[in-house]
Amino acid sequence: MESILVSGGAGYIGSHTVKTLLDRGYKPVVLDNLVTGHWQSVARGVPFFQGDIADSHLVRRIVEKEHVSAVIHFAARSLVGESAEKPDLYFEENTAKTNRFVSSLLESAVKRLIFSSTAATYGIPEEVPIPENAPTSPINPYGFSKLMIEQSFSWLEKAYGLEWIALRYFNAAGAALDGSLGEDHIPETHLIPLILKAALGQREGISIFGTDYATPDGTCIRDYIHVLDLANAHILALEALGKGIGSGVYNVGTGSGYSVREVIETARQVTGRTIPVVESPRRPGDPDRLIAKVAKIQTLLGWSPNYSSLEQIVESAWTWHLRHPNGFE
Ligand code: UFG
């Protein structure tokens with residue numbers, strides 16, 4: 001069994017990827033500092049190390065002890081608003097610490113790396129759907145912290161032979177189909193979990209941030225991608241690297257978008273609950289439309305989404321919220 005180190009494996013996308021790795025016969029090993037992750041989300045029997053990606057002694061020890069052959073690197077801060085208030089925190093936690101992490105891996109002769117990147121690297125797109133070769137011009141420090149890492153990888157590839165794939169996620173959403181894992185952020189800022197908390201009666205309603213965008217119903221359009229489809233993309237990327245596809249950047253989205261109002265309407269149908277809406281001012285930094293061009297990942301990695309209809313996304317997230325109304329306790 002191939003041993004894959006998953007940094008941030010106790011987080012939202014990391015924990016679903018660990019589950020998928022187990023299902024596919026890999027041996028995942030989790031490194032997570034539990035600052036935002038949840039120990040309860042790490043599957044039983046999976047080796048778990050609580051610690052920091054910048055702790056090179058620990059990283060080298062894990063690689064040796066667990067015979068790690070490749071890494072999927074999720075560990076990061078990911079709140080856009082927080083990044084605008086504390087850019088230095090994001091440059092340290094995401095960019096600088098990833099640099100130290102990758103140095104430790106290379107010292108231990110681990111050269112294969114899949115990296116959790118984001119559509120926030122593009123900023124406000126000139127062209128939608130957004131192709132991978134679109135200009136990168138992030139409008140928040142979070143996107144910039146991730147873009148710097150992507151760019152650093154090219155140099156590490158030239159100097160040390162790092163083999164890397166960066167997956168630029170669009171809007172990760174949904175939950176494990178059995179309701180065992182799901183999204184539990186503190187604070188929660190994402191649209192779908194906030195809508196479902198309103199459906200549960202834990203919030204008075206959902207605020208729509210802006211109703212005057214240049215979209216058919218005036219609300220922002222996003223490309224929602226099921227977390228299980230994201231997890232699968234990581235495994236296909238890992239396998240493609242192993243077969244020598246070479247390093248690069250790939251979008252992960254569906255190629256279609258839904259407006260905020262469409263998401264709320266779908267949630268009303270799926271839950272059968274009342275979801276009160278408050279029309280609020282725009283949130284700073286939200287582009288009208290973010291939709292991925294997905295030809296590259298479909299053609300080169302043979303990836304396509306299986307769970308990402310809006311209904312499946314909202315249904316699986318609703319199952320999680322009903323079973324875990326207070327998240328991982
Ligand atoms: N929205 C609301 N009300 C809310 C929360 C969100 O109307 O209470 C709207 C937002 O304005 C946006 C849409 O719902 O138009 C989606 O918002 P999210 O906060 O769920 O997601 P974002 O599109 O802002 O951001 C996500 C990830 C980021 C990533 C970005 C890149 O959370 O990490 O996608 O595509 F950078």
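Presented here is a report on the structure given in the accompanying data block. Remember, it's a predicted structure, so these values are computed and weren't measured experimentally.

The parallel open sheet is built from 7 strands, whose spatial order is 3-2-1-4-5-6-11. Two strands lie at the open edges of the sheet, namely strand 3 (48-50) and strand 11 (248-252), each paired on one side alone. Between one strand axis and the next, the sheet turns by 20° as a mean value, whatever way the strands run. Bridging between strand 6 (residues 163-169) and strand 11 involves 5 bridges; their strand directions are parallel. Counterpart to Arg168 in the pairing with strand 11 is Asn251.

The next subject is unusual backbone geometry. Here the amide bond leading from Val128 into Pro129 is cis, since omega sits at 0°, within 30 degrees of zero. Considering the arrangement of structural elements, one finds Pro129 in the loop between strand 5 (112-118) and helix 5 (141-160). The amide bond that connects Ile186 to the next residue, Pro187, takes the cis arrangement and shows omega of 0°. You can see Pro187 is positioned in the loop between strand 7 (171-173) and helix 6 (191-199). With a phi close to 55°, His67 is a non-glycine residue in the positive phi region. Tracing the backbone through its elements, the reader meets His67 in the loop between helix 2 (56-66) and strand 4 (68-73). Of the residues examined, His67 reaches a relative accessible area of 62% and is grouped as exposed.

In this section: the packing of helix 4 (residues 87-107) against helix 5. With their axes 9 Å apart at the nearest point, helix 4 and helix 5 run at an angle of 20° to one another. When the axes of helix 4 and helix 5 are compared, the pair comes out roughly parallel. When the axes of helix 4 and helix 5 are compared, the crossing they make is right-handed. Residues Pro87, Tyr90, Phe91, Asn94, Thr95, Thr98, Asn99, Val102 and Leu106 of helix 4 lie in contact with helix 5, whose contacting residues are Pro141, Tyr142, Phe144, Ser145, Lys146, Met148, Ile149, Phe153, Leu156 and Tyr160. Residue classes in the contact of helix 4 with helix 5 are distributed as 13 nonpolar, 5 polar and 1 charged.

A few words now on helix 7 (residues 227-242). Helix length check: helix 7 (16 residues) gives 23 Å between terminal C-alpha atoms against 22 Å at 1.5 Å per residue, within 8%. Counting buried positions along helix 7 gives 14 out of 16 residues, so the element sits mostly inside the fold. Where helix 7 ends, the next residue or the one after it, Gly244, has phi of about 90°, a positive value.

Here we come to the pairing of strand 1 (residues 3-7). Regular strands show a simple pattern: their side chains alternate between the two faces of the sheet. The buried fraction of strand 1 is high, at 5 of 5 residues. The pairing of strand 1 with strand 2 (residues 27-32) spans 5 bridges and is classified as parallel. The residue bridging Leu5 from the neighbouring strand is Val29, located in strand 2. With helix 1 (residues 12-23) bridging strand 1 and its parallel neighbour strand 2, the resulting β-α-β unit is right-handed. Sheet topology note: the strand 1/strand 4 ladder contains 5 bridges and is parallel. In the sheet register, Ser3 faces strand 4, and the bridge partner there is Val68.

Let's shift gears to the layout of surface pockets. Size it by volume and the second largest pocket reaches roughly 210 Å³. For the lining of the second largest pocket, the secondary-structure elements that each account for two or more residues are helix 1 and helix 7. In terms of residue count, the dominant contributor to the lining of the second largest pocket is helix 1 (4 residues).

What follows deals with the packing of helix 6 against helix 8 (residues 260-271). Remark: helix 6 packs on helix 8, axes separated minimally by 10 Å, with the N-to-C direction vectors making an angle of 40°. Classified by the angle their axes make, helix 6 and helix 8 are oblique. Where helix 6 crosses over helix 8, the two elements pack in a sense that is right-handed. Seen from helix 6, the contacting residues are Leu191, Ile192, Ile195, Leu196 and Ala199; seen from helix 8, they are Val260, Val263, Ile264, Ala267 and Thr271. Residues of the contact of helix 6 with helix 8, tallied by class, amount to 9 nonpolar, 1 polar and no charged.

Examined against the element boundaries, Gly205 turns out to sit in the loop between helix 6 and strand 8 (206-209). Classification of Gly205 as buried rests on a relative accessible area of 13%. Filtering out sequence-adjacent residues up to four positions away, Gly205 remains in contact with Ala198 and Pro276.

Further remarks concern the site of the ligand. Every one of the 21 residues lining the ligand counts as a neighbour, but His190, Leu191, Ser207, Arg283 and Asp286 are closest to it. Take Thr189: an N or O atom from its main chain is 3.5 Å from an oxygen atom of the ligand. His190 is positioned such that a nitrogen or oxygen atom in its side chain is 2.7 Å from an oxygen atom of the ligand. Counting only elements with at least two residues in the shell around the ligand, the list comes to helix 6 and strand 8. Counting residues per element, the shell around the ligand draws most heavily on strand 8, at 4 residues. Among the residues making up the shell around the ligand, the classes are represented as 12 nonpolar, 6 polar and 3 charged.

Here is what the cut-offs are and how they apply
Residues numbered from 1 in each chain as written. Predicted model: local features only at pLDDT ≥ 70, side-chain atom pairs only at ≥ 80, totals over all residues. Heavy atoms only, no water. Pairing = 2+ DSSP bridges. Helix = DSSP H or I, 4+ residues; strand = E, 2+ residues; numbered from the N terminus. Axes fitted to C-alpha atoms, helices over the stretch in contact; angles between N-to-C directions. Buried < 20%, exposed > 50% of the residue type's maximum accessible area, 1.4 Å probe, protein only. Parallel < 35°, antiparallel > 145°, perpendicular 65-115°, else oblique. Left-handed = near helix turned anticlockwise from the far one by under 90°. Contact = heavy atoms within 4.5 Å. Nonpolar A, V, L, I, M, F, W, Y, C, P; charged D, E, K, R; others polar. Expected span 1.5 Å × (residues − 1). Right-handed = clockwise from strand over helix to strand, strands pointing away. 1 Å grid on protein atoms, 1.4 Å probe; cavity = no way out; pocket = protein on both sides within 12 Å on 5 of 7 lines; lining within 4 Å. Points joined across faces, edges and corners; volume = space filled by probe spheres on them. Near = heavy atom within 4 Å. Polar contact = N/O pair within 3.5 Å; in protein donor to acceptor, adjacent residues only side chain to side chain.

Spatial relationships are all this shows, so hold off on functional conclusions.
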